Amino acid sequence: MSSLDATRAELGLLVLYLNKAEARDKICRAIQYGSKFLSNGEPGTAQNVDKTTSLARKVFRLFKFVNDLHGLISPTPQGTPLPLVLLGKSKNALLSTFLFLDQFVWLGRTGIVENKERTELLGRISLFCWMGSSVCTTLVELGELGRLSGSMKKLEKEIKNSNKYDNEQYQAKLKKSNERTLALIKAGIDVVVAAGLLQLAPQKITPRVTGAFGFASSLISCYQLLPPASAKSKTS
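Residues numbered from 1 in each chain as written. Predicted model: local features only at pLDDT ≥ 70, side-chain atom pairs only at ≥ 80, totals over all residues. Heavy atoms only, no water.

K.L.:
Explain the overall build of the protein chain here, please?
P.N.:
Broken down by element type, the protein chain carries nine helices and zero strands. Along the protein chain, helices (α) and strands (β) appear in the sequence α-α-α-α-α-α-α-α-α when read from the amino end. Projected onto its principal axes, the C-alpha coordinates of the protein chain cover approximately 70 × 55 × 35 Å. Considering the protein chain as a whole, with its 236 residues, one finds that 37% of them fall into the buried category. Within the protein chain, counting contacts between residues at least 6 apart in sequence, those at least 24 apart form 74% of the total. Put simply, the protein chain shows about 14200 Å² of open surface, and 62% of that area lies on carbon and sulfur atoms. One finds the centroid of the 32 positive side-chain charges in the protein chain at a distance of 3 Å from the centroid of its 19 negative side-chain charges. (Helix = DSSP H or I, 4+ residues; strand = E, 2+ residues; numbered from the N terminus. Buried < 20%, exposed > 50% of the residue type's maximum accessible area, 1.4 Å probe, protein only. Contact = heavy atoms within 4.5 Å. Areas by Shrake-Rupley, 256 points an atom, 1.4 Å probe, with all protein chains shown as cover. Lys, Arg positive; Asp, Glu negative; His and termini not counted. Charge placed at Lys NZ, Arg CZ, Asp CG, Glu CD.)

Quick look at the structure:
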């Protein structure tokens, strides 16, 4: 492949990535929390970037609550334990509520709705909903990782006379386990970020800590949205 073809392929992947509204939102989120880390809550350019980017991101999320509302009423995979089903549905309900209330926060901060006290109240309620959804996600991922670990050990016993890494089923489970582990780490980080935004422990979770954790969570989200290997091969 020539250097021009390689460059064209890389740009094709970048276009594919940036065409996702979710990817652009997460890039803006990284800028937002990176600015929060730099400002540490002090007035200045970094804090202005933090606030304006936060407001801009709310536009990306308009009507996004429908996604989790759809997940809430969608059937779950057969064989999923009832506790995990309930946690998953709770996560959908809380995240959908967060995104729905966040629209009113945007209306208040843009001046369309002038009741500042009510807007701030809705903002805190929405953040508590996001925090609750992150806790539910953490528990779901822990439960699913436990189920995956059990099925992988069972599979190892069945293929003990051959290399487990040559087994496609084992590789698929391992890949899924890695994805869920990353999702678990991100959900745990988001709990800390929500606590920081709500100022539940202001002495320990300072704006700088919130910014650092939020930036790390954003980078994980950006990584999770990368095009799959199949898309990469098509652009080659």
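K.L.:
Where do I start with the packing of helix H5 (residues 82-109) against helix H6 (residues 116-158) in this structure?
P.N.:
The geometry of a pair of packed helices is captured by two quantities: the angle between their axes and the separation between those axes. Following both chains from N to C, one finds H5 and H6 inclined at 155°, their axes separated by 7 Å at the closest point. By the criterion of interaxial angle, the relationship of H5 to H6 is roughly antiparallel. Classified by chirality, the crossing of H6 by H5 is left-handed. (Axes fitted to C-alpha atoms, helices over the stretch in contact; angles between N-to-C directions. Parallel < 35°, antiparallel > 145°, perpendicular 65-115°, else oblique. Left-handed = near helix turned anticlockwise from the far one by under 90°.)

K.L.:
Would you mind showing me how to read the pattern of salt bridges here?
P.N.:
For side chains of opposite charge, pairing can occur when their charged atoms come near one another. A full pass over the atoms with the stated rule returns 12 salt bridges. For Lys-26, the salt bridge is made with Glu-22, and the minimal N-O distance between the two is 3.6 Å. Separated by four residues within a single helix, Lys-26 and Glu-22 lie in helix H2 (residues 21-39), roughly one turn from each other. Lys-26 sits in the buried class, given a relative accessible area of 13%. Classification of Glu-22 by relative accessible area gives partly exposed; the value is 28%. (Salt bridge = Lys/Arg side-chain N within 4 Å of Asp/Glu carboxyl O.)

K.L.:
Would you mind going over the packing of helix H4 (residues 65-73) against H5 with me for this structure?
P.N.:
Where H4 meets H5, the axes come as close as 8 Å, and the angle between the chain directions of the two elements is 155°. When the axes of H4 and H5 are compared, the pair comes out roughly antiparallel. For the pair H4 and H5, the crossing hand works out as left-handed. Residues Phe-65, Asp-68, Leu-69, Gly-71, Leu-72 and Ile-73 of H4 lie in contact with H5, whose contacting residues are Lys-89, Asn-92, Ala-93, Leu-95, Ser-96, Leu-99, Phe-100 and Gln-103. Here the residues of the contact of H4 with H5 are counted per class, giving eight nonpolar, four polar and two charged. (Nonpolar A, V, L, I, M, F, W, Y, C, P; charged D, E, K, R; others polar.)

K.L.:
Just checking my understanding: could you explain the side chain of Thr-138 for this structure?
P.N.:
By the secondary structure assignment, Thr-138 is in helix H6. Apart from residues lying up to four places away in sequence, Thr-138 is in contact with Leu-184, Ala-187, Gly-188 and Val-191.

K.L.:
Honestly, the state of the cysteines in this entry has me stumped. Any pointers?
P.N.:
Disulfide: a covalent bond connecting the sulfur atoms of a pair of cysteines. Throughout the structure, instances matching the rule amount to zero disulfides. For Cys-129, which is in no disulfide, the shortest distance to another cysteine sulfur is to Cys-136 and amounts to 11 Å. Lacking any disulfide linkage, Cys-222 is separated from the closest cysteine sulfur, that of Cys-28, by 9.5 Å. Among the residues examined, Cys-222 registers a relative accessible area of 14% and is labelled buried. (Disulfide = S-S within 2.5 Å.)

K.L.:
Any chance you could explain the nonpolar core here in plain terms?
P.N.:
Soluble globular proteins tend to bury their nonpolar side chains together. If you look at the biggest cluster of nonpolar residues, it comprises 16 residues, and the most contacted ones within it are Phe-98, Trp-130, Met-131 and Val-193. When residues of this core are traced back to their parent elements, those giving at least two are H5, H6 and helix H7 (168-197). Among the elements that line this core, the one with the most residues is H7, at five residues. Sequence-distant contacts of Phe-98, that is, excluding residues within four places in its chain, are made with Arg-61, Ser-126, Leu-127, Cys-129 and Trp-130. (Core = buried A, V, L, I, M, F, W, Y, C linked by side-chain atoms within 4.5 Å.)

K.L.:
What exactly am I supposed to notice about a nonpolar patch on the surface here?
P.N.:
On the surface, a cluster of nonpolar side chains totalling about 400 Å² of accessible area is made up of Leu-11, Leu-14, Leu-18, Ile-27 and Ile-31. Taken together, the elements giving at least two residues each to the nonpolar patch come down to helix H1 (3-18) and H2. Ranked by the residues each element gives to the nonpolar patch, the list is headed by H1, at three residues. By secondary structure assignment, the location of Leu-11 is in helix H1. (Patch = residues over 30% accessible without salt bridge, like charges linked within 9 Å, V, L, I, M, F, W, Y side chains within 5 Å.)

K.L.:
Would you take a moment to explain the side chain of Lys-186 for this structure?
P.N.:
Here Lys-186 lies in helix H7. Among the polar contacts listed, one links the side chain of Lys-186 to the side chain of Asp-190, at a separation of 2.7 Å. (Polar contact = N/O pair within 3.5 Å; in protein donor to acceptor, adjacent residues only side chain to side chain.)

K.L.:
Explain H2 here, please?
P.N.:
Turn by turn, an α-helix covers 3.6 residues, leaving residues three or four places apart pointing in a common direction. Here H2 spans 27 Å end to end across 19 residues, near enough to the 27 Å set by a 1.5 Å rise per residue. Among the residues making up H2, those that are buried are Ala-23, Asp-25, Lys-26, Cys-28, Arg-29, Ala-30, Gln-32, Tyr-33, Gly-34, Ser-35, Lys-36 and Ser-39. Looking at the buried side of H2, the elements it contacts are H1, helix H3 (45-60), H6, H7 and helix H8 (207-224). Asn-40 occupies a position one or two residues after H2 and carries a positive phi of about 55°. (Expected span 1.5 Å × (residues − 1).)

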